[in-house]
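# A structural walkthrough
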Amino acid sequence: MREVGCPEEDLFSFLSSKRREDLGYRNILSSMCTSPHPVAARAHAMFLETNLGDPGLFPGTAALEGLLVERLGALMHHPGAGGYATSGGTESNIQAFRIAKKLKPVQFPNVVVPASAHFSFQKACDILGIEMRTASLDADFRIDAEALDGLVDRNTVCLVGIVGTTEYGMVDPVARLSDLAEERDVFLHIDAAFGGMVVPFLDRPIPFDFRLSGVDSISVDPHKMGMSTIPAGCLLVRDPDYFSSLNVETPYLTVKRECTLAGTRPGASVAAAFAVLEYLGMDGMRAVVAGCMENTRRLIEGMETFGCPRAVTPDVNVATFSCDRPPAGWRVSRTRAGHMRIVCMPHVTRDVIEAVLNDMSDTHA
Ligand code: 0PR
């Protein structure tokens, strides 16, 4: 550290210079995060110093976390779901595995995840000492439910389905997984970190939530399509009592037990997540999602006119292409299989799509 502090103006001019090195969201085509909604930014600023790690000191903020869980539970057709605000999909997935492992104490636990699973599941298995078994995908990059029989055995503590896969934007056949999980008496966790804030707002929602009786837990991230500030995730569970298996005693806090992974936890992004849901309502979210889906369709149709076929028709707003030459001047990511990938987040507006297609026409002239 410096011996003597830096004058504020110098400090902020240094910070600005660093901030200018960042890309603006306008040029970011492959992120699952987006510019926070203005009401999220306003709510975040109001709750900047709040700490949900000691909820008795911040009962108002803690009540907002309860309301967020209630709203998201209702969105997933289970208003009485248990839940808490996590730091994002990674923490939610780790905690879901912790619960599943506690509920079925076997000596050599394994989990079965689709090959499309996010890398956070690898971290969860490493931390928890669980074997990760990978189920193959069908031609449309969804989990091949037929292939699961050979993988699930009596040491399987959890089966995972994905709603909005990171790479291809696909929704696994959760109804099939739910039947299978019930038949085999296995905990079923749904990673809807991305799609949880998309699928319920589609014209024809695909069933994936607590209405399917085999679904035990769901992760859904307000800091992705929920347009909240970072970090804002949420883990929901069918039976609120599941969390009691994770409780540790916290004698000197205002609450005597804690089931969360983090101790100190931000209230600001939780207030922000709640604010967006409340401000937009179902109607507003449907409009946002309809726009993103329309832009996804337009991008796919446009790219195909340049000889870049879609890898698959996505269930949510992630578009992937066979395309060796990406549009000049844009940074796009590639999937493990090499497909060019664009996530049509709310900041990827129709104007941005047309600009990308315009630059494609230069690249492919
Ligand atoms: N589950 C799914 C299906 C995900 O797509 C992700 C992250 C996670 C879990 C983990 O969530 P957290 O990162 O909140 O813990 N998906 C994005 C990805 O890995 C995250 C991301 C967002 C990456 C913005 C880059 C970026 O610019 O691609």
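Residues numbered from 1 in each chain as written. Predicted model: local features only at pLDDT ≥ 70, side-chain atom pairs only at ≥ 80, totals over all residues. Heavy atoms only, no water.

With that out of the way, let us pick up the sheet that holds strand β11 (residues 333–334). Strands pair in a sheet through their backbones, by hydrogen bonds, and they do so in one of two ways: parallel or antiparallel. Sheet architecture is open: three strands sit in the order β10-β12-β11, paired in antiparallel fashion. The sheet is open, and its two edges are formed by β10 (318–321) and β11, each paired on a single side. Bridge count between β11 and strand β12 (residues 340–343): two bridges; the pairing is antiparallel. Residue pairing for β12: Arg334 is matched across the bridge by Met340. (Pairing = 2+ DSSP bridges. Helix = DSSP H or I, 4+ residues; strand = E, 2+ residues; numbered from the N terminus.)

This next bit is on the packing of aromatic side chains. Applying the stated criterion across every chain yields a total of four aromatic pairs. Taken together, a centroid distance of 5.4 Å and an interplanar angle of 40° make the contact between Phe97 and Phe121 tilted. Highlighted residues: Phe97 in helix α4 (residues 89–103) and Phe121 in helix α5 (residues 120–128), separated in sequence by 24 residues. An identical accessibility class is assigned to Phe97 and Phe121; each is buried. On the numbers, 3.8 Å between centres and 10° between planes, the contact of Phe141 with Tyr168 is stacked. One end of the pair, Phe141, is in the loop between β3 (131–135) and β4 (156–162); the other, Tyr168, is in the loop between β4 and α6 (174–184), and 27 residues separate them in sequence. (Phe/Tyr/Trp six-rings, centres within 6.5 Å; stacked < 30°, edge-to-face > 60°. Buried < 20%, exposed > 50% of the residue type's maximum accessible area, 1.4 Å probe, protein only.)

Contact geometry of α4 with α5 gives a least axis separation of 9 Å together with a crossing angle of 45°. Comparing the axis directions of α4 and α5 gives the class oblique. Pair α4 / α5 crosses with right-handed handedness. On the side of α4, the interface is formed by Thr90, Asn93, Ile94, Phe97, Arg98 and Lys101, while α5 contributes Ser120, Phe121, Lys123, Ala124, Cys125, Ile127 and Leu128. Each residue belonging to the contact of α4 with α5 can be placed in one class, and the counts come to seven nonpolar, three polar and three charged. (Axes fitted to C-alpha atoms, helices over the stretch in contact; angles between N-to-C directions. Parallel < 35°, antiparallel > 145°, perpendicular 65-115°, else oblique. Left-handed = near helix turned anticlockwise from the far one by under 90°. Contact = heavy atoms within 4.5 Å. Nonpolar A, V, L, I, M, F, W, Y, C, P; charged D, E, K, R; others polar.)

Don't take any of this as a statement about function, it's just geometry.
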